[in-house]
Amino acid sequence: DGGITQSPKYLFRKEGQNVTLSCEQNLNHDAMYWYRQDPGQGLRLIYYSQIVNDFQKGDIAEGYSVSREKKESFPLTVTSAQKNPTAFYLCASSSDIQETQYFGPGTRLLVL
Amino acid sequence: GNSVTQMEGPVTLSEEAFLTINCTYTATGYPSLFWYVQYPGEGLQLLLKATKADDKGSNKGFEATYRKETTSFHLEKGSVQVSDSAVYFCALSGSGGSNYKLTFGKGTLLTVNP
């Protein structure tokens, strides 16, 4: 089945720790995105990538980093600089930057 | 900048009732408009979309019409089911150089009771 997978479903972070959220797609999409969702809020764009080896900051990139070494993978690292990391993180992809975005099932990050 | 305003919830309906969730937007140019649905604990699923004025998107009994004159994209369904209980998000994509960027409303929680 084609789709977007995210892992883990739940992730716990300790103070001062970096954690990495996985996002994989087998849709052969060029563009991938990371969003953050807070309770009662819409989604906010963290980073996006139009193509392999390229990525750009979104609206709330501070405290996050990404890489795009393979077309199918776009991992997000939440660094210790992100002071309020507790949220639901959603990965999305689209065939290209102008096309409809499709979302993965999400990862919920909690701070211990 | 672009913005999306959708009716605040929660909305509670009985099964087979008529549903309207209002969505209005502010945008430059000619954005595409979307409704996404999020079931509890899950990611977003695309429900329907419209890419130009007067287009009607439809899926699973839901409909929304792109009204440029009123800058609206209201979601409707004639007869809701318990399984429609979810959070619904209205969104628009930018136009021109920022057409990658989705701007979301805050979401409307719908609960359908049997």
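Just so it is clear, the structure is predicted and the values come from calculations on it, not from any experiment.

**Student:** Sorry if this is basic, but what is going on with the overall build of chain B here?
**Tutor:** Helix and strand counts for chain B stand at 0 helices and 12 strands. Going from N to C terminus, chain B has its helices and strands arranged as β-β-β-β-β-β-β-β-β-β-β-β. For a compact globule of 114 residues, the expected C-alpha radius of gyration is about 13 Å, and chain B comes in at 14 Å, within 12% of that figure. Taken along the three principal axes of its C-alpha coordinates, chain B extends 45 × 30 × 20 Å. Here chain B holds 114 residues, and 44% of them are scored as buried. In chain B, the proportion of contacts linking residues at least 24 apart, taken out of those at least 6 apart, comes to 56%. Accessible surface for chain B amounts to roughly 5300 Å². Of this, 49% is attributable to carbon and sulfur atoms.

**Student:** Just checking my understanding: could you explain the interface of chain B and chain A for this structure?
**Tutor:** Interfaces are often sized by the accessible area lost when the parts come together. Of the residues lining the interface, 17 residues belong to chain B; the matching set on chain A comes to 21 residues. Note on chain B versus chain A: buried area summed over both sides is about 1500 Å², and carbon and sulfur give 53% of it. Summed over the shared surface of chain B and chain A, the result is 1 salt bridge. Close ionic contact of D59(A) with K101(B) constitutes a salt bridge, the shortest N to O distance being 2.1 Å. Only β5 (32-38), β6 (44-50) and β11 (102-104) of chain B provide two or more residues apiece to the side of chain B that touches chain A. By residue class, the composition of the side of chain B that touches chain A is 8 nonpolar, 5 polar and 4 charged.

**Student:** Sorry if this is basic, but what is going on with the nonpolar core here?
**Tutor:** Nonpolar side chains in soluble globular proteins tend to end up buried together. W35(B), L47(B), L48(B), F73(B), L75(B) and Y88(B) are the most contacted members of the largest nonpolar core, which has 25 residues in total. Here the element with the most residues in this core is strand β10 (residues 86-93) of chain B; it accounts for 4 residues. Leave out the neighbours within four places in its chain, and L48(B) touches L33(B), F34(B), W35(B), G57(B), S58(B), N59(B), F62(B), E63(B), A64(B), F73(B) and L75(B). Y47(A), I60(A), V78(A) and A87(A) belong to the second largest nonpolar core, which has 20 residues in total.

**Student:** For this particular structure, what's the right way to read the pairing of strand β12 (residues 108-113) of chain B?
**Tutor:** Every regular strand shows the same layout, with side chains that alternate between the two sheet faces. Residues and elements named next belong to chain B. The two faces of β12 differ: T108, L110 and V112 on one face are buried, but L109, T111 and N113 on the other face are not. Judged from the 3 bridges that link them, β10 and β12 form a sheet pairing that is antiparallel. Residue pairing in the sheet places Y88 in a bridge with T108 of β12.

**Student:** It is not clear to me how the state of the cysteines should be interpreted in this structure. Could you clarify?
**Tutor:** What we call a disulfide is simply a covalent bond connecting the sulfur atoms of a pair of cysteines. Following the criterion strictly, the structure yields 2 disulfides over all chains and no others. Note that C23(A) is cross-linked by a disulfide to C91(A), the S-S spacing being 1.9 Å. When the S-S torsion is -70°, as for the bridge of C23(A) with C91(A), the disulfide is left-handed. Placement of the pair is C23(A) in strand β3 (residues 19-25) and C91(A) in strand β9 (residues 87-94), with a sequence separation of 68 residues. For C23(A), a relative accessible area of 0% translates into the label buried. On the basis of relative accessibility, which here comes to 0%, the residue C91(A) falls in the buried class. Between the sulfur atoms of C23(B) and its disulfide partner C90(B) the distance amounts to 2.0 Å. Disulfide C23(B) to C90(B): torsion about the S-S bond roughly -70°, handedness left-handed. Residue C23(B) is located in strand β4 (residues 23-26), and its partner C90(B) is located in strand β10; the two are separated by 67 residues in the primary sequence. Each member of the pair, C23(B) as well as C90(B), is classed as buried.

**Student:** Got a minute to help me understand the sheet that holds strand β1 (residues 4-7) of chain A in this structure?
**Tutor:** Sheets are built from strands paired through backbone hydrogen bonds, the pairs being either parallel or antiparallel. Residues and elements named next belong to chain A. With antiparallel pairing, the 4 strands of this open sheet are ordered in space as β1-β3-β8-β7. The outermost strands of the open sheet, each flanked by one partner alone, are β1 and β7 (64-66). Each strand axis lies, on average, 20° off the axis of its neighbour in the sheet, ignoring direction. Alignment of β3 against strand β8 (residues 76-78), held across 3 bridges, turns out to be antiparallel.

**Student:** For this particular structure, what's the right way to read the sheet that holds strand β3 (residues 19-21) of chain B?
**Tutor:** Residues and elements named next belong to chain B. An order of β3-β9-β8-β7 is seen for the 4 strands of this open sheet, with the pairing classed as antiparallel. Looking at the sheet topology across the chains shown, the edges are occupied by β3 and β7 (56-59). Pairwise comparison of adjacent strand axes, ignoring direction, gives a mean angle of 15° for this sheet.

Criteria and cut-off values
- Residues numbered from 1 in each chain as written.
- Chains lettered and ligands numbered in written order.
- Predicted model: local features only at pLDDT ≥ 70, side-chain atom pairs only at ≥ 80, totals over all residues.
- Heavy atoms only, no water.
- Helix = DSSP H or I, 4+ residues; strand = E, 2+ residues; numbered from the N terminus.
- Rg over C-alpha atoms; globule rule 2.2 N^0.38 Å.
- Buried < 20%, exposed > 50% of the residue type's maximum accessible area, 1.4 Å probe, protein only.
- Contact = heavy atoms within 4.5 Å.
- Areas by Shrake-Rupley, 256 points an atom, 1.4 Å probe, with all protein chains shown as cover.
- Buried area = accessible area lost by both parts, 1.4 Å probe.
- Salt bridge = Lys/Arg side-chain N within 4 Å of Asp/Glu carboxyl O.
- Nonpolar A, V, L, I, M, F, W, Y, C, P; charged D, E, K, R; others polar.
- Core = buried A, V, L, I, M, F, W, Y, C linked by side-chain atoms within 4.5 Å.
- Pairing = 2+ DSSP bridges.
- Disulfide = S-S within 2.5 Å.
- Axes fitted to C-alpha atoms, helices over the stretch in contact; angles between N-to-C directions.

The quantities given are spatial measurements derived from coordinates; they are silent on function.
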